[in-house]
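# A look at the structure
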Amino acid sequence: MSSTTNTADTGSAQNRGLVLINTGAGKGKTTAALGTAMRAAGNGMRVLVLQFLKGSWDYGELHAAELFGGDLRIRQMGRGFVKVGGAETDPEDQRLVDEAWAEAVRAMQSGEWDMLVLDEINYTVGYGMLDPAAVADALRSRPPLLHVILTGRNAHPLLVELADTVTEMREVKHAYTRGILAQRGIEF
Ligand code: ATP
Ligand code: MG
């Protein structure tokens, strides 16, 4: 076996599917995942992005993905906001999370995709809407070449342990704290 190099590995011997987590309180978790998705799609890989909780907002990435044709597909599985905590989770949000998770499992097992991005899934686990052990089991039994990226703050320790690459975005400053609201092209 030769030693590793910095050149891109196009051989098959070392190819393997990875689990990545983008977490932390700083901005960039979803956008980094989308950047990786674009990188993969540019390599001819088929990428599915399932957005938990998100819906109804007109995100620029939805239109950008259309430019890639069917190889980069983004599906919003939520309704854009979520009522949780104190007065209990809204059953409709729970239903949407269950549906998104069922779709994620189907996508993982289908063999149709080379990369799966489960955007904001960490929040659903954190809110108690999705069982981390079920997520861990599904990740362990996925096809060996499938890459999976999980995003959202407060990634569950069980999933952090299982993941190959975990990045924590740290906030240095954010425009929002100066009262600057979400900007097109930056936040959506
Ligand atoms: P992005 O989608 O921009 O990569 P993200 O995925 O890291 O952000 P989320 O927790 O999913 O962050 O929240 C998404 C929205 O919240 C974005 O509009 C983002 O700008 C905003 N946001 C992220 N981090 C912060 C922060 N530290 N303070 C205020 N707003 C934030
Ligand atoms: Mg996000």
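Within the protein, the magnesium ion (ligand 2) binds to Thr30 (OG1) and Glu120 (OE); these donor distances fall in the range 2.0 to 2.2 Å. Here Thr30 is found in helix α1 (residues 29–42), whereas its partner Glu120 is found in the loop between β4 (115–119) and α4 (121–126), with 90 residues between them in sequence. Assessed through its relative accessible area of 11%, Glu120 is described here as buried.

Let us look at helix α3 (residues 91–110). The periodicity of an α-helix, 3.6 residues per turn, causes residues three or four positions apart to be oriented the same way. Taking 1.5 Å per residue as the helical rise, α3 with its 20 residues ought to reach 28 Å, and the 28 Å between its terminal C-alpha atoms agrees with that figure. Taken residue by residue, α3 has Asp93, Leu96, Val97, Ala100, Trp101, Glu103, Ala104, Ala107 and Met108 as its buried positions. For α3, the angular spread of buried residues about the axis comes to 160°, placing them on one side. What points out from α3, more than 90 degrees from its buried face, is the exposed set Pro91, Arg106 and Gln109. On its buried face, α3 is in contact with β2 (47–51), β3 (72–76), β4, α4 and α5 (132–140). In this structure Asp90 caps α3, since a side-chain oxygen of it lies 2.8 Å from the backbone nitrogen of Glu92.

Another point: the environment of Leu145. Positionally, Leu145 belongs in the loop between α5 and β5 (147–151). For Leu145, a relative accessible area of 53% corresponds to the exposed category. In this structure, the C-alpha to C-alpha distance between Leu145 and Leu50, residues 95 residues apart in sequence, is 19 Å. What Leu145 contacts, discounting residues up to four positions off in sequence, is Asn15, Arg16, Gly17 and Asp114.

Right, let's get into unusual backbone geometry. Phi at Leu53 takes a positive value of approximately 70°, unusual for a residue other than glycine. A positive phi is found at Asn154, a non-glycine position, where the angle reads about 55°. Looking at the secondary structure, you find Asn154 in the loop between β5 and α6 (157–162). A relative accessible area of 66% places Asn154 in the exposed class.

Parameters at a glance
- Residues numbered from 1 in each chain as written.
- Chains lettered and ligands numbered in written order.
- Predicted model: local features only at pLDDT ≥ 70, side-chain atom pairs only at ≥ 80, totals over all residues.
- Heavy atoms only, no water.
- Donors = N, O, S within 2.8 Å, 3.2 Å for Na, K, Ca; no water.
- Helix = DSSP H or I, 4+ residues; strand = E, 2+ residues; numbered from the N terminus.
- Buried < 20%, exposed > 50% of the residue type's maximum accessible area, 1.4 Å probe, protein only.
- Expected span 1.5 Å × (residues − 1).
- Arc of directions from axis to C-beta.
- Contact = heavy atoms within 4.5 Å.
- Polar contact = N/O pair within 3.5 Å; in protein donor to acceptor, adjacent residues only side chain to side chain.

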